[in-house]
Each structure stands twice: as C-alpha cells, then as structure tokens.
Amino acid sequence: MLRRNDGDGRPPDGTDDGVEAGNYAVACNRLRANYPNVVLLLQGGGALGSYQAGVFEVLEDSNIDVNWVAGISIGAINSAIIAGNPPGQRVAKLRGFWERISGNVRWPVVPPGDDARLALNYWASWLAITTGTPGFFQPRVPLPHFAPRGSLGALSYYDTTPLRETLLEFVDFDLLNNGPVRLSVGAVNVRSGNFIYFDTADRVIGPEHIMASGALPPGFPPVEIENELYWDGGLVSNTPLQHVFNNLPQEDTLLLQVDLFSARGPRPRTIEEADERAKDIRFSSRTRLNSTVMVDFLRYRKLVGKLIELLPDELRNAPEVQAIEPDTVIPKLNLIQLIYRRKLYDAAFKDYEFSWNTMKDHWHAGKATMTRTLRHHEWFELPPADIGFARHDVDASSID
C-alpha cells in the first residue's frame, strides 16, 4: 500500500545537492516498487519517543504508506496515533500529542555547552518526577504506601488517568480498528507473566490496550482488561520484532525498526553514566541479537526448502514433509534499523525528561536519521533470491 510520490523527489531537509536528492528519489521509488508491505516497529523509551515521530514525518512527507505499525510503551502510543488517523493528519496529531505532554517546560534560551544543557535537562526531569506531565501522568496523592492495600493506587507512584483522555483526543479508535493500517501493541499479564500482543487483526483495541502497553511499574499502575491486569511490554521485550516476524504476510516486506535505546555505547566513567548505560542495555532488548537469530532462522528454513526439492516423490509426499513445506516458503525481507544516538548531554533520566526543547531535538534527530537512510538507495533493493533477507543498521554504518 504505497502512494505515488507527486513531489520533486528531494529529501525533506531541503538539501540542494543533486546527487543526494537523486539518491533519495531512487530510494523512494525502489521502496515503492519492491515492497508491497512496509512495517514500522517502534520501541519503548518514554520521552525519547518523539524521535520516532520525526522518522515517521519523513515517511509521510515522502508519501510512503505503512501497512502495519507495532509498538511497545511509548512506541504503542505513537503507533496508535499513526493507525488511528488518516494520511495527511498523522504528523499533525503526533505533533499535537508531543507538544501537549512536553508543555510543562520550555526554555526560551538554551545556553551553549553540554554542561549547561545537562543542567537544564536535569531540572526538567525533576519537574516531571515531582509534578507529572500534562495529558500523561500526575503524582498520586496520597503516596501508594498510604493507599488501601489491593487498590490500583497502592501499585504505582503516578496516576495515568489523563492519558486516557489524551488518547481519545488524538486517536480515532473506530478508524484504528477498521482502517487500512494494522496495529499491534505488546503488554505483560501481571498474574501469569506472559507476554501478549493486542492486535487489530484479531480483536478490537481501545485506549486501555494502549495504556497497558505503557504501564511501566512502579511508576505507572497496571491496566485492567477483561479481569486481568497488564503492565508495560518492555518488562519482557522492548522491541516488537518477534511478534511481527511470527506473523509476516506472504509478500515481500520492508521492516523499519526504530529503536530508542542503543545496545552499543561508550564505557561509563561515573555512577550516573553507569546507570544510563545499564538502562540502554536493558531496554535495547538485544535488538541485534534478535535480528541475527531471525536471519539464521530464515536461512535454515530456506535450506530445508531446498532439501525438500531434492527429495524423491515418495518422500516428498510424506505427511511429515507436507506439514513443514509451507513454512519454507517465505517472502523476501529487508530489515532496516534506525537507532537513536545519545547526545553528550543525555543521562539516565533521558526517558522521562519531557521538556519541549529536548522533544524537538529528538524529533529533528529522527528526521535526520530517516533522511540519511533514504540517501542509501542501494539498501532498498530486494535481497538476493538465494538469501531472501537483508539487514541494514544505520547506527553501525555511521552514515553521518
């Protein structure tokens, strides 16, 4: 489901470089011609999530439609806004949401230097902890230690009731459930510990499902759905790659995985940097390992298919072979990973630093990453038939 590009083929950053603009146009054309399915996978990461909105703005400006969005936590919220609005309105709704929740702190002037910016960001994160964030969460009064035992108020430090009203304002749930874009959001069953995906392919999704995907304890309370409580899917896996891989359509597919935490990073030098590095590792959810395992699994499935072709008819028609043969027919897959690159003024609080200035920084970073990616037109070729899978890692390729 790709729309024709009626623009001039130039990157959205306004570059006038003929080669770069040409490469960008070639990439968009190849993407449209080669991939009938485009899937957007959005990792959780709180305040870092406006990076994903910036990535999506480039896709929308380039008239590239997405068939399926899958997300965890803040990625689930961004995904719901995308799936729950028509083309042409999605970026405006994303912008409205992010400006709403980042409206508490807006610095009119940001002093130069990383130390000054770090101090401002620290202050903004402290305000989020102590006063909450508009349209998202607010501190509980009384504290959970003094709430009745067994109540939701006793299970979290913040009340996320404002988020429900915000979702209803920025998401058309009728369109979300009946529109052309499939939505999947991950959560964890509190009682069983099992990971579950709420998916419009098999159920009706409401605000509570999106809130459940982002209910990270002990900050946020679990969300009750059909007499079960659910927490943030990031407790098990912060990246929805496995769910998408297990439910791939039988057509050539481009997977755009937008991660907010990098598995790779510098050696920490202070206790604060150690805390940040540990959070990055924990919530990156082994993205490269998961994609590597997926590549190996696809390779073995192809090898099994080739072995089946070599079998004589009497063996090829055996029930055991017939049972596994459909699994050897897989579409060509292209996985492109876009990973937020930490700034020197980032710290462990970066996922709850909701200032307007930092939100805009993240947004512009996402736009820049997706724009640079589309200059690599060769990445959007179909993988060779004998392999059937390609992977491109923007972060590792250092394409600045």
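Structure: see above.
My aim in this report is to walk through the structure given alongside it, one point at a time.

Scoring rules and cut-offs
- Residues numbered from 1 in each chain as written.
- Predicted model: local features only at pLDDT ≥ 70, side-chain atom pairs only at ≥ 80, totals over all residues.
- Heavy atoms only, no water.
- Helix = DSSP H or I, 4+ residues; strand = E, 2+ residues; numbered from the N terminus.
- Rg over C-alpha atoms; globule rule 2.2 N^0.38 Å.
- Buried < 20%, exposed > 50% of the residue type's maximum accessible area, 1.4 Å probe, protein only.
- Contact = heavy atoms within 4.5 Å.
- Axes fitted to C-alpha atoms, helices over the stretch in contact; angles between N-to-C directions.
- Parallel < 35°, antiparallel > 145°, perpendicular 65-115°, else oblique.
- Left-handed = near helix turned anticlockwise from the far one by under 90°.
- Nonpolar A, V, L, I, M, F, W, Y, C, P; charged D, E, K, R; others polar.
- Salt bridge = Lys/Arg side-chain N within 4 Å of Asp/Glu carboxyl O.
- Core = buried A, V, L, I, M, F, W, Y, C linked by side-chain atoms within 4.5 Å.
- Pairing = 2+ DSSP bridges.
- Right-handed = clockwise from strand over helix to strand, strands pointing away.
- Phe/Tyr/Trp six-rings, centres within 6.5 Å; stacked < 30°, edge-to-face > 60°.
- Lys NZ or Arg CZ within 6 Å of the ring centre and 35° of its normal.

**Focus: the overall build of the chain**
- Regarding its fold elements, the chain presents 15 helices and 11 strands.
- Computed over its C-alpha atoms, the radius of gyration of the chain comes to 22 Å, within 12% of the 21 Å expected for a compact globule of 400 residues.
- Dimensions of the chain, computed from C-alpha atoms along their principal axes, come out at roughly 75 × 55 × 45 Å.
- Residues classed as buried in the chain amount to 54% of the 400 residues present.
- When contacts within the chain are restricted to residue pairs at least 6 apart in sequence, long-range pairs at least 24 apart make up 75% of them.

**Quick word on the packing of helix α4 (residues 90-101) against helix α6 (residues 161-170)**
- Remark: α4 packs on α6, axes separated minimally by 10 Å, with the N-to-C direction vectors making an angle of 155°. Our classification of the angle between α4 and α6 gives roughly antiparallel. Crossing of α4 over α6 shows right-handed handedness. On the side of α4, the interface is formed by Lys93, Gly96, Phe97 and Arg100, while α6 contributes Leu163, Thr166, Glu169 and Phe170.
- Along the lines of polarity and charge, the residues of the contact of α4 with α6 split into 3 nonpolar, 2 polar and 3 charged.

**Examining the pattern of salt bridges**
- Summed over the entire model, instances satisfying the criterion amount to 16 salt bridges.
- The closest approach of N and O atoms between Glu57 and Arg95, which form a salt bridge, is 3.4 Å. Placement of the pair is Glu57 in helix α2 (residues 50-61) and Arg95 in helix α4, with a sequence separation of 38 residues.
- Of the charged contacts, one joins Arg191 and Glu228 as a salt bridge, the two residues approaching to 2.8 Å between their closest N and O atoms. With a gap of 37 residues between them, Arg191 in the loop between β5 (182-189) and β6 (195-199) and Glu228 in strand β8 (residues 228-232) connect regions that are remote in the sequence.
- Assessed through its relative accessible area of 65%, Arg191 is described here as exposed.

**Brief notes about the nonpolar core**
- Ranked by internal contacts, the top residues of the largest apolar core, which has 74 residues, are Leu40 and Ile210.
- Looking at this core, the element that brings in the most residues is helix α3 (residues 74-83), giving 7 residues.
- Setting aside chain neighbours within four positions, we find Leu40 in contact with Phe56, Leu59, Val66, Trp68, Val69, Ala70, Ile82, Leu256 and Val258.

**Observations concerning the packing of α3 against α4**
- Following both chains from N to C, one finds α3 and α4 inclined at 140°, their axes separated by 9 Å at the closest point. Classed by the angle they form, the pair α3 and α4 counts as oblique. The element α3 and its partner α4 pack so that their crossing is right-handed. Across the interface between the two elements, Ile74, Ile77, Asn78, Ile81 and Ile82 of α3 pack against Arg90, Lys93, Leu94, Phe97 and Trp98 of α4.
- Each residue belonging to the contact of α3 with α4 can be placed in one class, and the counts come to 7 nonpolar, 1 polar and 2 charged.

**Points about the pairing of strand β1 (residues 37-42)**
- Within β1, 6 of the 6 residues are buried, leaving the element largely enclosed by the surrounding structure.
- Bridge count between β1 and strand β9 (residues 253-259): 6 bridges; the pairing is parallel. Residue pairing in the sheet places Leu41 in a bridge with Gln257 of β9.
- Note: β1 against strand β2 (residues 68-72), 4 bridges, orientation parallel. Within the sheet, the bridge partner assigned to Val39 lies in β2 and is Trp68.
- Following the backbone out of β1, through α2 and into the adjacent parallel β2, one traces a crossover that is right-handed.

**Structural notes on the packing of aromatic side chains**
- This structure, assessed with the given rule, holds 15 aromatic pairs.
- Taken together, a centroid distance of 6.4 Å and an interplanar angle of 85° make the contact between Phe97 and Phe170 edge-to-face. Note that Phe97 is positioned in helix α4 and Phe170 in helix α6, a separation of 73 residues in sequence.
- On the basis of relative accessibility, which here comes to 1%, the residue Phe97 falls in the buried class.
- The class of Phe170 is buried, set by a relative accessible area of 7%.
- Note on Phe136 and Phe137: the rings are 5.3 Å apart at their centroids and 70° apart in plane angle, and the pair reads as edge-to-face.
- When its relative accessible area of 7% is taken as the criterion, Phe137 is described as buried.
- Ring-pair connections join several aromatic residues into one group, and the members of that group are Phe136, Phe137, Tyr158, Phe220 and Phe354.
- The lysine or arginine in question, Arg106, covers the ring of Trp356, its NZ or CZ lying 3.7 Å from the ring centre.
- If you follow Arg117 out to its NZ or CZ, it ends over the ring of Tyr345, 4.6 Å from the centre.

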